[in-house]
Amino acid sequence: MNSAENAKNAVDAQAAQAIETTEDRYERGLAVLRTVGGQENPAVLDSLADIAPVLGHMTVAFGYGDVLSRPGLTLRQRQIATVGALAAMGNAAPQLRFHIDGALNVGVSPAEIVEILIHTAVYAGFPAALNGIGAAREVFEARPDAAATPVGTEPLPGDRYERGLAKLTEVDGHAGDQVVASLRDIAPDLARYIIEFAFGDIYSRAALDLKSRELATIAMCTALGTATPQLRVHIHGFLNVGGTREEVVEVITQMAGYAGFPAAINGINAAREVFEERGASGGEATGQAG
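Conventions used here
Residues numbered from 1 in each chain as written. Predicted model: local features only at pLDDT ≥ 70, side-chain atom pairs only at ≥ 80, totals over all residues. Heavy atoms only, no water. Helix = DSSP H or I, 4+ residues; strand = E, 2+ residues; numbered from the N terminus. Contact = heavy atoms within 4.5 Å. Areas by Shrake-Rupley, 256 points an atom, 1.4 Å probe, with all protein chains shown as cover. Axes fitted to C-alpha atoms, helices over the stretch in contact; angles between N-to-C directions. Parallel < 35°, antiparallel > 145°, perpendicular 65-115°, else oblique. Left-handed = near helix turned anticlockwise from the far one by under 90°. Nonpolar A, V, L, I, M, F, W, Y, C, P; charged D, E, K, R; others polar. Salt bridge = Lys/Arg side-chain N within 4 Å of Asp/Glu carboxyl O. Buried < 20%, exposed > 50% of the residue type's maximum accessible area, 1.4 Å probe, protein only. Core = buried A, V, L, I, M, F, W, Y, C linked by side-chain atoms within 4.5 Å. Expected span 1.5 Å × (residues − 1). Polar contact = N/O pair within 3.5 Å; in protein donor to acceptor, adjacent residues only side chain to side chain.

### Quick notes on the overall build of the protein chain
- When its secondary structure is counted, the protein chain shows 16 helices and zero strands.
- Here the contacts in the protein chain between residues at least 6 apart in sequence split such that 74% fall between residues at least 24 apart.
- Working note: accessible area of the protein chain is about 13900 Å², and carbon and sulfur atoms make up 57% of it.

Written out as structure tokens, the structure is:
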């Protein structure tokens with residue numbers, strides 16, 4: 001397909017969207033919100049009815065009708081990304097509790113939710129992870145069907161460093177060697193902690209598959225807005241473990257609703273760099289791991 005045809009298709013798509021009414025978008029969003037929230041009358045609408053009903057309408061029409069209803073990710077994947085991003089940002093506890101509950105509603109297990117929150121410690125620190133676990137505990141206690149049980153309590157086999165280096169190589173390719181080399185002259189212990197803790201202790205845990213971990217990591221790094229080099233590495237990593245470019249674009253686009261449009265735009269620019277670096281045939285990550 002040439003550039004003229006691409007441009008025409010884009011114009012046609014915009015025209016089709018223009019025909020769609022705001023009420024169409026709202027009704028589609030309401031259906032998605034009911035699936036995620038598990039309520040016929042979503043509480044977000046009632047909570048805003050007295051002061052900013054238009055914000056409630058926008059939340060449903062744009063957040064759910066325009067974005068979360070897109071076909072590029074499943075609702076399960078979207079909730080994994082949202083829980084990870086909100087936990088990492090650490091400033092939206094009510095919304096985090098809602099989306100933990102929503103994750104349960106669309107098939108994410110309690111063990112997987114706990115694992116996403118443990119994973120948050122690598123990218124946003126232990127306070128964010130601990131606060132996320134506190135939010136999860138509240139949600140689980142209110143749901144008899146979602147009893148929280150400890151996950152991954154058995155020691156992982158083998159040497160932490162060797163296990164971590166193998167996992168880092170599996171996810172990031174040659175970046176595993178590069179991260180050690182880039183820090184050896186100034187902070188060799190930091191390089192060792194990245195390998196032993198981030199990849200040896202966290203990434204090696206079995207409660208969450210690698211593709212889901214990398215999806216959550218892209219969401220976290222995009223939402224935080226302070227980790228563009230690491231975002232690029234983990235876009236590579238996501239593609240290395242079976243993710244697609246469409247899924248990368250979708251999860252970053254989704255972050256516009258949770259972290260703002262600047263964060264999403266910066267994330268898309270990082271994705272563009274990765275896609276260009278990999279070219280049509282793919283490739284491995286370069287740069288900083290973690």
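### Let's talk about the side chain of R143
- Here R143 is to be found in the loop between helix 8 (126–141) and helix 9 (160–172).
- If sequence neighbours within four positions are ignored, R143 has contacts with D101, L104 and N105.

### Notes on the packing of helix 14 (residues 245–254) against helix 16 (residues 261–278)
- Helix 16 packs onto helix 14 with a crossing angle of 165 degrees between their chain directions and a minimal axis gap of 9 Å. One finds that helix 14 runs roughly antiparallel with respect to helix 16. At the point where helix 14 passes helix 16, the crossing takes the right-handed sense. Only A264, G267, I268, A271, F275 and R278 of helix 16 make contact with helix 14, whose side of the interface consists of R245, V248, V249, I252 and T253.
- Of the residues contributing to the contact of helix 14 with helix 16, the split by class is seven nonpolar, two polar and two charged.

### Remarks on the pattern of salt bridges
- Scanning the model with the defined rule gives 20 salt bridges in all.
- The salt bridge partner of R97 is E138, with a shortest N-O separation of 3.8 Å. Placement of the pair is R97 in helix 6 (residues 93–105) and E138 in helix 8, with a sequence separation of 41 residues.
- For R97, a relative accessible area of 29% gives the class partly exposed.
- Given a relative accessible area of 45%, E138 falls into the partly exposed group.
- Here R143 ties to D101 by a salt bridge, and the two come within 3.0 Å at their closest N and O atoms. Linking R143 in the loop between helix 8 and helix 9 with D101 in helix 6, this pair joins segments that are 42 residues apart in sequence.
- The exposure class of D101 is partly exposed, given its relative accessible area of 22%.

### Looking at the nonpolar core
- The biggest cluster of nonpolar side chains holds 58 residues, and the ones touching the most others in it are I100, I113, F140, I218, I235, V248 and V251.
- Listed in part, the eleven residues of the second largest apolar core include Y26, L30, V32 and Y64.

### Details of the packing of helix 13 (residues 228–240) against helix 16
- At a closest axis distance of 9 Å, the pairing of helix 13 and helix 16 adopts a crossing angle of 55 degrees. The angle between helix 13 and helix 16 places the two elements in the oblique class. For the element pair helix 13 and helix 16, the recorded crossing hand is right-handed. Packed against helix 13, whose contacting residues are T228, L231, R232, I235, H236, L239 and N240, the element helix 16 presents G267, A270, A271, E273, V274, F275, E277 and R278 at the interface.
- For the contact of helix 13 with helix 16, the per-class residue count stands at seven nonpolar, four polar and four charged.

### Topic: the environment of Q77
- Following the sequence through the fold, Q77 ends up in helix 5 (residues 75–89).
- According to the relative accessible area criterion, Q77 is buried, its value standing at 15%.
- A C-alpha to C-alpha distance of 7.8 Å links Q77 and L215, two positions 138 residues apart in sequence.
- Among all residues touching Q77, those that are not within four sequence positions of it are K211, L215 and E247.

### Concerning the environment of Y161
- Turning to its location among the elements, Y161 is positioned in helix 9.
- Sequence separation between Y161 and F199 is 38 residues; the distance between their C-alpha atoms is 8.6 Å.
- If we ignore the near neighbours within four places in the chain, the residues touching Y161 are V180, R192, I195 and E196.

### Brief notes about helix 13
- The end-to-end C-alpha separation of helix 13 is 18 Å, in line with the 18 Å expected for 13 residues at 1.5 Å each.
- For helix 13, the set of buried residues is Q230, L231, V233, H234, I235, H236, G237, F238 and L239.
- The elements touched by buried residues of helix 13 are helix 7 (110–124), helix 9, helix 11 (188–203), helix 12 (210–224), helix 14 and helix 16.
- Note on helix 13: the residue one or two positions beyond its end, G242, has a positive phi of about 110 degrees.

### As for the side chain of T82
- Its place among the elements puts T82 in helix 5.
- Accessibility expressed as a relative area gives 0% for T82, which makes it buried.
- Reaching out from T82, the side chain makes a polar contact with the backbone oxygen of R78 at a distance of 2.9 Å.
- Excluding its chain neighbours within four sequence positions, the residues that come into contact with T82 are H99, Q254 and Y258.

From the geometry alone we can't say anything about function, so treat these as descriptive.
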